[in-house]
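# A closer look at the structure
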Amino acid sequence: MKSSIFVATFALLVGCLDSGCSDRGTESTEDEQVLSLRVEPESGRIGTVVSISNGPFIVPAKRNNEVSFPGASEALLSDSGSQTTIFSFVPFGAISGPITVRNRKDVAQTQGFQVTETVETARMTVAWYDLSAPITGSDSSVVDLKGIRRTWAADVHGDTIHVHRGYSTGDEYYEYHMLLLNKGDGQLPASLSMWTYIMTDFSYN
């Protein structure tokens, strides 16, 4: 009896090796199906609010649908929306091309979106930014890893504007500084310089 069980087990092992058994599961040979979406408007500059329709999207849309623009370093979570339409905006770094939306059920793309004004993210840049709502003081603040709310501040000396903010990672403290030149009403300021001050932000026992 034992010998017959051994033979049967050995036969199964040989068959498994011969057929290339794998514990990695079944690999799909079908291409991922990409659904077609519609974006409006079809063009805009950084900050432009866009609506993406022809879902299906997962509600609450704000938490479940990632919006990716070509060229942008990270995906955005939708600002709001429903099962058929979600809203987002054109992020810094975005370039022209289809917008991709992903959730736990589907992946979908819009037609090509034209970015009319790009921003160079590898250096300090001053650029117009389309906003649909006013920015408040709290919008420019962030709570760092020490639990302290850090806000941007601006000091004006003649035609020079010094913008700065601190931030703690728990191990290090960073201060970001920018010097801008005021060019008058109706004109964007010119960038003069930018630097970061870093120091340790912890103590030894």
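Structure shown above.
Quick summary incoming for the structure in this document. Every value quoted in this text rests on a predicted model; they were computed, and no experiment measured them. (Residues numbered from 1 in each chain as written. Predicted model: local features only at pLDDT ≥ 70, side-chain atom pairs only at ≥ 80, totals over all residues. Heavy atoms only, no water.)

## Some words on the overall build of the protein
The cut-off we apply is this: Put simply, DSSP marks the helices as runs of H or I at least four residues long and the strands as runs of E at least two long, and each gets a number from the N terminus on. Each residue is assigned to one of three classes by its accessible area relative to the maximum for its type, calculated with a 1.4 Å probe on protein chains only: buried under 20%, partly exposed between the two thresholds, exposed over 50%. Only heavy atoms matter for contacts: two residues are in contact if any of them lie within 4.5 Å across the pair. Per-residue and other accessible areas follow the Shrake-Rupley method at a 1.4 Å probe size, with only the shown protein chains counted as cover for residues.
Assigned secondary structure in the protein consists of 2 helices and 16 strands. For the protein, buried positions account for 25% of its 205 residues. Considering only residue pairs separated by 6 or more positions, the protein has 48% of its internal contacts joining residues 24 or more positions apart. When the accessible surface of the protein is totalled, it reaches about 14100 Å², and 53% of it is carbon and sulfur.

## Some remarks on the pattern of salt bridges
To keep it simple, the criterion reads: One side-chain nitrogen of Lys or Arg within 4 Å of one carboxyl oxygen of Asp or Glu is enough to make a salt bridge.
Tallying each qualifying case throughout the model produces 3 salt bridges. The closest approach of N and O atoms between E42 and R38, which form a salt bridge, is 2.7 Å. Here R38 falls in the partly exposed class, since its relative accessible area comes to 33%.

## With respect to unusual backbone geometry
Residue P41 follows E40 across a cis peptide bond; omega there is -5°. For the bond running from V59 to P60, omega is 0°, close enough to zero to count as cis. The residue P60 is located in the loop between β4 (49–53) and α2 (61–64) in this model.

## Topic: the environment of I58
Residue position: I58 is located in the loop between β4 and α2. By relative accessible area, which is 7% here, I58 ends up buried. The spacing of I58 and N103 is 45 residues in sequence and 7.2 Å in space, taken between C-alpha atoms. With sequence-adjacent residues up to four places away left out, I58 is seen in contact with N64, N65, N103, R104 and K105.

## Overview of the pairing of strand β10 (residues 107–115)
Rule in force here: What makes two strands pair is DSSP finding at least two bridges between them.
The pairing of strand β3 (residues 43–44) with β10 spans 2 bridges and is parallel. The partner of G44 across the bridge, within β10, is V115. Bridge analysis of strand β9 (residues 97–102) against β10 gives 5 bridges, and the strand direction is antiparallel. Of the residues in β10, the one forming a bridge with G97 is F113.

## Regarding the packing of aromatic side chains
Note on aromatic pairs: each is described by the distance of the centres and the angle between the planes. This is how the line gets drawn: Stacked, tilted and edge-to-face are the three classes assigned to paired rings of Phe, Tyr and Trp, where Trp is represented by its six-membered ring and a pair needs centres within 6.5 Å; plane angles under 30 degrees give stacked, over 60 edge-to-face, the rest tilted.
With the rule as written, the count across this model stands at 2 aromatic pairs. Aromatic pair F69 and F113: ring centres 6.2 Å apart, planes at 85°, arrangement edge-to-face. On the criterion of sequence distance, the pair formed by F69 in the loop between β5 (66–68) and β6 (76–77) and F113 in strand β10 is long-range, its members being 44 residues apart. On the basis of an interplanar angle of 15° and a centroid distance of 6.3 Å, the ring pair of Y174 and Y176 is categorised as stacked.

## What about the sheet that holds strand β14 (residues 160–168)?
For the record, the criterion: Every axis corresponds to a line fitted to the C-alpha atoms, with the helix fit spanning only the stretch in contact, and the corresponding angles, defined between N-to-C directions, vary from 0 to 180 degrees.
Reading across the sheet, the 4 strands line up as β13-β14-β15-β16 and stay open at both edges, with antiparallel pairing between neighbours. One side of each edge strand has no neighbouring strand; the edge strands of this open sheet are β13 (153–157) and β16 (190–200). Here the average twist between neighbouring strands, direction ignored, is 20°. As defined by bridge partners, strand β15 (residues 172–181) adjoins β16 across 10 bridges and the pair is classed as antiparallel.

So, to be careful, I would describe these as geometric facts and stop short of saying anything about function.
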